[in-house]
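# Survey of secondary and tertiary structure
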2 protein chains.
Amino acid sequence: MSEFTDIASGELPLGMLLNTIGRLVFEETHRRLSGMEVDVIGLGILWLVDSAPGQLQSEYARFQKRDQTTFGRYVDKLEGKALLVRTPVPDDRRARTLELTSKGREFLTEGKRRAHAAEAAIVGPPSPDLMQVRRFLTERLNSDMLR
Amino acid sequence: MSEFTDIASGELPLGMLLNTIGRLVFEETHRRLSGMEVDVIGLGILWLVDSAPGQLQSEYARFQKRDQTTFGRYVDKLEGKALLVRTPVPDDRRARTLELTSKGREFLTEGKRRAHAAEAAIVGPPSPDLMQVRRFLTERLNSDMLR
DNA sequence: TATTGTTATACTCTATAACTATA
DNA sequence: TATAGTTATAGAGTATAACAATA
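All of the points below concern the structure found in this document.

Rules behind the numbers
- Residues numbered from 1 in each chain as written.
- Chains lettered and ligands numbered in written order.
- Predicted model: local features only at pLDDT ≥ 70, side-chain atom pairs only at ≥ 80, totals over all residues.
- Heavy atoms only, no water.
- Salt bridge = Lys/Arg side-chain N within 4 Å of Asp/Glu carboxyl O.
- Buried < 20%, exposed > 50% of the residue type's maximum accessible area, 1.4 Å probe, protein only.
- Near = heavy atom within 4 Å.
- Polar contact = N/O pair within 3.5 Å; in protein donor to acceptor, adjacent residues only side chain to side chain.
- Helix = DSSP H or I, 4+ residues; strand = E, 2+ residues; numbered from the N terminus.
- Nonpolar A, V, L, I, M, F, W, Y, C, P; charged D, E, K, R; others polar.
- Contact = heavy atoms within 4.5 Å.
- Buried area = accessible area lost by both parts, 1.4 Å probe.
- Least-squares fit on C-alpha atoms with pLDDT ≥ 70 in both.
- Axes fitted to C-alpha atoms, helices over the stretch in contact; angles between N-to-C directions.
- Parallel < 35°, antiparallel > 145°, perpendicular 65-115°, else oblique.
- Left-handed = near helix turned anticlockwise from the far one by under 90°.
- Expected span 1.5 Å × (residues − 1).
- Arc of directions from axis to C-beta.

Before going further, it helps to examine the pattern of salt bridges. Residues and elements named next belong to chain A. Using the criterion set out here, one finds 18 salt bridges over all chains in the structure. For E79, the salt bridge is made with R86, and the minimal N-O distance between the two is 2.6 Å. E79 gets classed as partly exposed once you look at its relative accessible area, which sits at 31%.

Shown next, in the form of structure tokens:
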């Protein structure tokens, strides 16, 4: 495999890098969440809702740059596991806000712990470099340039 | 959406960051490669094969941390578009090596250009920060710790 | 007319299992 | 027994289209 060493230090397409490393982190996290029946995406939704509870489902979907349908399907699953609840909005009878259940908050605590362990297994322990990567990606996610 | 601003500067799960940004880059690249019917992954394979031609198909799959079946299916597609060729190995009649066609090399040149434009649309123009992110991810991909 | 959300549907990515051929 | 590769199949992620209810 040493034939590839030089290649990898070149300019790999960022899309491929994110895809590959992302897939590895995803799989590792999934393995470590086994028995909990929630994957990285479900965990990310719980985390998001917990951090800013009571927003509209569509607001969360928009923030995650995710299609409403796709997002709704995840919410179905999480609601089915009683990790969060949909609450009707009195002012707007189309809308639902989201909120974690106490079971959901418990799950989130343990889930985050396991997710961080999984990350460390793939990208190494917390470090200034890793923090910078995280910061860069977070800033881009927050950018209004996207969608 | 400003309700989320503070959240995003917190510690989002890396898996989710990679997944979300990766998906956006993937989709944008796909859009810009449209008409060429090759996505980021196909492009990554062409790039890899071009950089170290004549290796076994299985070697490339291993380097990309990708299942043989999945990798093989991409090779099918690329071969179907005459962008690369499989060549039997005289010494080992089970094995095939991969190599780009001249059409494949032409495609790669243009494809890389478009992929970089797509990346810039999502994560911004080349910058020291972006380079560092790329370097970090590349190093992790190269790490023997994985798989 | 536009928005919130769901249902039905289809497509793609990915891997597992089983297999052939070969080493 | 192990490896290179393919075929068949299934599961999960994702989005589009069509729709209902509401604003």
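From this point on, the discussion continues.
Another aspect to go through is the protein's contact with DNA strand C. Lining the immediate surroundings of DNA strand C are 25 residues, of which R94 and R96 of chain A together with D39, R66 and R73 of chain B lie closest. Expressed as a percentage, the sugar and phosphate content of the atoms of DNA strand C within 4 Å of the protein is 67%. In this structure, a phosphate oxygen belonging to DNA strand C sits 3.5 Å away from a main-chain N or O atom of D91 of chain B. Here a base oxygen of DNA strand C and a side-chain polar atom of R94 of chain B are 3.4 Å apart. Among the elements that make up the surface near DNA strand C, the one with the highest residue count is helix α5 (residues 68-80) of chain B (five residues). Here the residues of the surface near DNA strand C sort into three nonpolar, seven polar and 15 charged.

What follows covers the interface of chain B and chain A. Residue-level contacts link 58 residues of chain B with 58 residues of chain A. Note on chain B versus chain A: buried area summed over both sides is about 6100 Å², and carbon and sulfur give 71% of it. Ranking the residues of chain B by area buried against chain A places F4, L14 and W47 of chain B at the top, with a combined share of 11%. Our count for the contact surface shared by chain B and chain A stands at zero salt bridges. Counting across the chain B and chain A interface gives 14 residue pairs in polar contact (both at pLDDT 80 or more). For the side of chain B that touches chain A, the secondary structure elements donating two or more residues are α1 (5-8), α2 (14-32), α3 (40-51), α4 (57-63), α6 (102-123) and α7 (128-142) of chain B. With 14 residues, α2 of chain B is the single largest residue contributor to the side of chain B that touches chain A. Of the residues belonging to the side of chain B that touches chain A, the class tally is 30 nonpolar, 15 polar and 13 charged.

A separate point is the relation of the copies chain B and chain A. Taken as rigid bodies, chain B and chain A are interconverted by a rotation of 180 degrees and an axial shift of 0.0 Å, the fit giving an RMSD of 0.1 Å. Such a turn and shift between the copies fits a two-fold axis. Mapped onto chain A, 100% of the interface residues of chain B again fall at the interface, so both copies present the same surface.

Near DNA strand D there are 25 residues, and of these D39, R66 and R73 of chain A together with R94 and R96 of chain B occur at the shortest range. Among the atoms of DNA strand D lying within 4 Å of the protein, the sugar-phosphate backbone contributes 67%. Within the contact set of DNA strand D, a base oxygen lies 2.5 Å away from a side-chain nitrogen or oxygen of R73 of chain A. Take Q68 of chain B: an N or O atom from its side chain is 3.4 Å from a base nitrogen of DNA strand D. Those elements that provide at least two residues to the surface near DNA strand D are α5 (68-80) of chain A together with α2, α4 and α5 of chain B. Looking at the surface near DNA strand D residue by residue, the classes come out as three nonpolar, seven polar and 15 charged.

So, about the packing of α2 of chain B against α6 of chain B. The relative placement of two packed helices is expressed as an angle between their axes plus a distance between the axes. All names here are of chain B. Remark: α2 packs on α6, axes separated minimally by 8 Å, with the N-to-C direction vectors making an angle of 135 degrees. As far as their axial angle goes, α6 and α2 are oblique. Between α2 and α6 lies a crossing of right-handed hand. Contacts from I21, L24, V25, E28, T29 and R32 in α2 reach R114, A115, A117, A118, E119, A121, I122 and V123 in α6.

Before going further, it helps to examine α5 of chain B. All names here are of chain B. With 13 residues, α5 extends 18 Å from end C-alpha to end C-alpha; this agrees with the ideal 18 Å at 1.5 Å per step. F71, G72, Y74, V75 and L78 are the residues of α5 that are buried. An end-on view of α5 places all buried positions within 160 degrees of arc, on one side of the element. In α5, the exposed positions angled more than 90 degrees off the buried face are occupied by T69, R73 and G80. Looking at the packing, one finds that the buried side of α5 touches α3, α4, β1 (84-88) and β2 (96-100). The opening residue of α5 is D67, an N-cap whose side-chain oxygen sits 2.7 Å from the backbone nitrogen of T69. Following α5 by one or two positions, A82 adopts a phi angle in the positive range, close to 60 degrees.

By themselves, these observations are geometric and do not establish any function.
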